[in-house]
Amino acid sequence: MRIRLALLTACLSVATALPAQGVDATDAHLEGELPSGAAYVMDVPAAWNGTVLLYSHGYTPAGAPNPAQNTPGPAARDKLLAEGYALIGSSYATNGWAITEAVPDQLATLDLFTEKFGPARRTLAWGTSYGGFVTSMLAERHPGRFDGSLSMCGLVQGGVANWNSTLDPVFALRTLLAPDSGIRLAGFADQTEAVAAGKALSSKVDAAQQTPGGRARIALAAALHNIPGHNDASQTEPAPTDWKTAQSNQYSAVRGLLRLPAFSWRQEAENRAGGNPSWNTGVDYRSMLARSPLYKEVTELYKEAGLSLRTDLSALARAPRISADPSAVRWMRGTSVLSGRLTDPQLNIHTTGDALIPVQSESAYRRAATAAGSAGLLRQAYVDAPGHCTFTTGETLAALHTVEKRLDTGRWDTSPGALNSRAKAADPAAESRYLPYRPTVYPRPYDLAHPGDARL
């Protein structure tokens, strides 16, 4: 029989021990509810090694199921339990841009774990995607609770930069493909309006994809968001000068951006912030494109289409801009902007072909950490793969063990060779794809050390 634990306190609901696949007969599996209403889950092996891993999950859209999670997936879970780690995490009390709930709910989960199992020898925060952002927020704002952290494919550019960067491609698409449409890009009244706007712009993009000029303009929009030309494992990987295939792959990612993040998810975040927290006043799109790693692709596609890139960039420069609501910016800055101030070691890992949170977000966080004097505590490593958070189990565990090695020795060892060796040891059957890489500059970074990069 598995150990069954019931928790009954004045502020916590009953937690029931449930069977857990791959857990030894004397291991503990707990599920329950925090006072906030967030669910939590804990797996503690009988031979606990003294380290607890607090996992922060990724973005969950409003209305979607929101279970508690304590690992990125079952394979990592089974391997970590076999190695003796305690695994905990919560659902967060609400879906969407839930940073104001996620941080306290994660801390409450850690408190409950300590109450039931005693203090850990070592506590690490880790998370994926939006959860990577939550992880960095925990590490920065509650350093006394953690010994180290691992942010995977994280939204580490922070909230203001994220929504600014999400605005840029849709602004370009509307200006160049639907200039008289009146499609709203921000300041939505409700989800209905946001979803309708996304569908309206998507129809314009679908029509544009049928012409050479339209494809060139979609590539320009993709370049403003640094959407890579190979961003999904199901796609054909383009050769270095295969602009046609690269653009087709970017078109798929642009449609995904329009379907959820740029409209539906934006409206949910605006609702929390009390208005629109992003702007493009004062933004020079000509310079932004020139800094993009996709600049060559855009210029070649414009040439093939017989279209003037200079004319289109001038149209972007003349188009009426979108201003932020200052109170919404203040809310986002107070709740969702990272400072880069680290007290303990943090490792960030990212795939190079990420379209949802482009790899350049890591350069934004590196800039913040350098300005805050934390560069020595931060390391970043990169996996040569298309897609968002498409790490193998071995690559994930290699990153986690690298943070532990830094804590054990006081020295970082994040070379691709070392990471691939650890990944192969953790998962011998899988490919190990860490590589030397340094992302280009994030298009519009915004952090607490550099709040004035663009005018409101």
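The structure under discussion appears in the preceding block.
Residues numbered from 1 in each chain as written. Predicted model: local features only at pLDDT ≥ 70, side-chain atom pairs only at ≥ 80, totals over all residues. Heavy atoms only, no water.

We now examine the pattern of salt bridges. All chains considered together, the criterion is met by 17 salt bridges. The residue Asp206 makes a salt bridge to Arg255 at a minimum N-O spacing of 2.6 Å. Pair noted here: Asp206 is in helix α5 (residues 191–208) and Arg255 is in helix α7 (residues 243–259), with a separation of 49 residues, a long-range link. Look at Asp206 and you get partly exposed, because its relative accessible area is 22%. Three or more residues are tied together by salt bridges with common partners; here these are Asp43, Arg77 and Asp78. (Salt bridge = Lys/Arg side-chain N within 4 Å of Asp/Glu carboxyl O. Helix = DSSP H or I, 4+ residues; strand = E, 2+ residues; numbered from the N terminus. Buried < 20%, exposed > 50% of the residue type's maximum accessible area, 1.4 Å probe, protein only.)

Within the chain, Tyr92 stands out as a residue other than glycine whose phi angle is a positive 70°. On the basis of relative accessibility, which here comes to 3%, the residue Tyr92 falls in the buried class.

Moving on: helix α10 (residues 295–305). Buried within α10 we find Glu297, Val298, Thr299, Glu300, Leu301 and Tyr302. Its buried side turned inward, α10 meets α4 (159–177), α6 (212–224), α7, α9 (285–291) and α11 (309–318). Once α10 finishes, Gly306 follows within two positions and takes phi at roughly 65°, a positive value. (Contact = heavy atoms within 4.5 Å.)

Note on terminology: disulfide describes a covalent bond linking the sulfur atoms of two cysteines. All told, the structure shown has one disulfide when counted by the stated rule. Across a sulfur-sulfur distance of 1.9 Å, Cys153 and Cys389 are joined as a disulfide pair. Between Cys153 and Cys389, the disulfide has an S-S torsion of 100° and is therefore right-handed. Linking Cys153 in the loop between β7 (148–152) and α4 with Cys389 in the loop between β9 (378–386) and α14 (393–409), this pair joins segments that are 236 residues apart in sequence. (Disulfide = S-S within 2.5 Å.)

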